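The chain contents come next:
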Amino acid sequence: MIREIVRIDEDKCNGCGLCVPACAEGAIKIINGKAKLIADNLCDGIGACLGHCPQDAIHVERREADEFDEEAVEKHLHQAPTAKPAGQTGQHGHGHGHGHHSGGCPSAKVADFSKPAAGGCPSARLMNLDAAPATKTDDSGQRPTELRQWPVQLHLVPPTAPFLQGADVLLAADCAPFAYPEFHRDILKGKALLIACPKLDDTAPYIAKLTAMIAQSQIKSLTIAHMEVPCCGGLLQMARQAMAASGREIPIKTICVGIRGNLID
């Protein structure tokens, strides 16, 4: 059939891997240092990965291609990942755990924090951190972390990440954890975390991603932790636009953090 499908220009691709977690269907892998579409039937042609390519190497084209197969995607995503030694080149396969080239970032996969994959950059690898050992709270010692997933950058988290499913989500300005000393205890606890900067980031793709997160992952609530500076209000605007586009009504709470580390009513 003739339909829209992703095309990757290998001459422009530098193998950064940012497109991999952006593809909710897991249709893109890094193979021999280049991003590749591993199967036509895994690509829905929507192009969620386009805005994540810094090299402008990904486009949507109309061509003869296999029909998009949701059942094949579901089977593909539920295959157990297989870790590869550092430096080993990924090969074509059906598992969601993708191989990587030496020094590159492995693609998005769910992992237990207690069993990190050998080698590679973990920036885009999905991890549930519930297995991390708790640290005793002590007024004179280290406070316990409330972070329960990785990654946290909105840019890197796919809309269907497992830790978003039915979760209370915190969308925080990336300055907020530095400004407010009790961020983990008072704001993050019990929530999945996404961070972004509405001033420095390209927020256009974020609205579409948040829309998909609300609609597809059935997010229960959204808390916006923003700084008191005016430009940071863009986070709340993003959230409201995304909720309207999703067709769902979820509770949205706002927390304003002052530049002196206080919470502002």
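Located above this text is the structure these notes cover.
Residues numbered from 1 in each chain as written. Predicted model: local features only at pLDDT ≥ 70, side-chain atom pairs only at ≥ 80, totals over all residues. Heavy atoms only, no water.

(A) Spatial organisation of the sheet that holds strand β11 (residues 252–257). Pairing is mixed across the open sheet formed by five strands, whose spatial order is β9-β8-β10-β11-β12. Every interior strand has two partners, whereas the edge strands, β9 (192–196) and β12 (263–264), have only one. Sheet topology note: the strand β8 (residues 168–173)/β9 ladder contains five bridges and is parallel. Residue V169 lies in a different strand from β9, and its bridge partner there is A192. Packing against the sheet, helix α6 (residues 234–246) makes contact with β8, β9, β10 (221–227) and β11, and its axis sits at approximately 160° to β10. (Pairing = 2+ DSSP bridges. Helix = DSSP H or I, 4+ residues; strand = E, 2+ residues; numbered from the N terminus. Contact = heavy atoms within 4.5 Å. Axes fitted to C-alpha atoms, helices over the stretch in contact; angles between N-to-C directions.)

(B) Focus on the nonpolar core. Grouped together as the largest cluster of nonpolar side chains are 46 residues, with contacts concentrated most on L154, F183 and L193. Contributions of two or more residues to this core are made by β8, α3 (176–179), α4 (183–188), β9, α5 (204–216), β10, α6 and β11. Ranked by residues supplied to this core, first place goes to α6 with six residues. (Core = buried A, V, L, I, M, F, W, Y, C linked by side-chain atoms within 4.5 Å. Buried < 20%, exposed > 50% of the residue type's maximum accessible area, 1.4 Å probe, protein only.)

(C) Summary view of the side chain of E146. Relative to the assigned elements, E146 resides in the loop between β6 (127–128) and β7 (149–150). In this structure, E146 is buried with no salt-bridge partner, the nearest side chain bearing the opposite charge being R148 at 4.1 Å. (Lys, Arg positive; Asp, Glu negative; His and termini not counted. Salt bridge = Lys/Arg side-chain N within 4 Å of Asp/Glu carboxyl O.)

(D) Broad picture of the side chain of T223. The residue T223 is located in strand β10 in this model. Excluding its chain neighbours within four sequence positions, the residues that come into contact with T223 are V169, L170, L171, K191, K253 and I255.

(E) Seen up close, the pairing of strand β2 (residues 28–31). Side chains of β2 alternate between two faces, with I28 and I30 and K29 and I31 buried alike. Judged from the four bridges that link them, β2 and strand β3 (residues 34–37) form a sheet pairing that is antiparallel. Note that in β3 the partner of K29 across the bridge is K36. Counted between consecutive antiparallel strands, the loop separating β2 from β3 contains two residues, among which N32 sits at a positive phi close to 50°.

(F) Quick peek at the state of the cysteines. Enumeration according to the criterion identifies zero disulfides in this entry. Between C175, a free cysteine, and C197, which holds the nearest cysteine sulfur, the sulfur-to-sulfur gap is 6.1 Å. With no disulfide partner, C232 has as its closest neighbouring cysteine sulfur the one in C231, 5.9 Å distant. (Disulfide = S-S within 2.5 Å.)

Any link to function would need more than the numbers given here.
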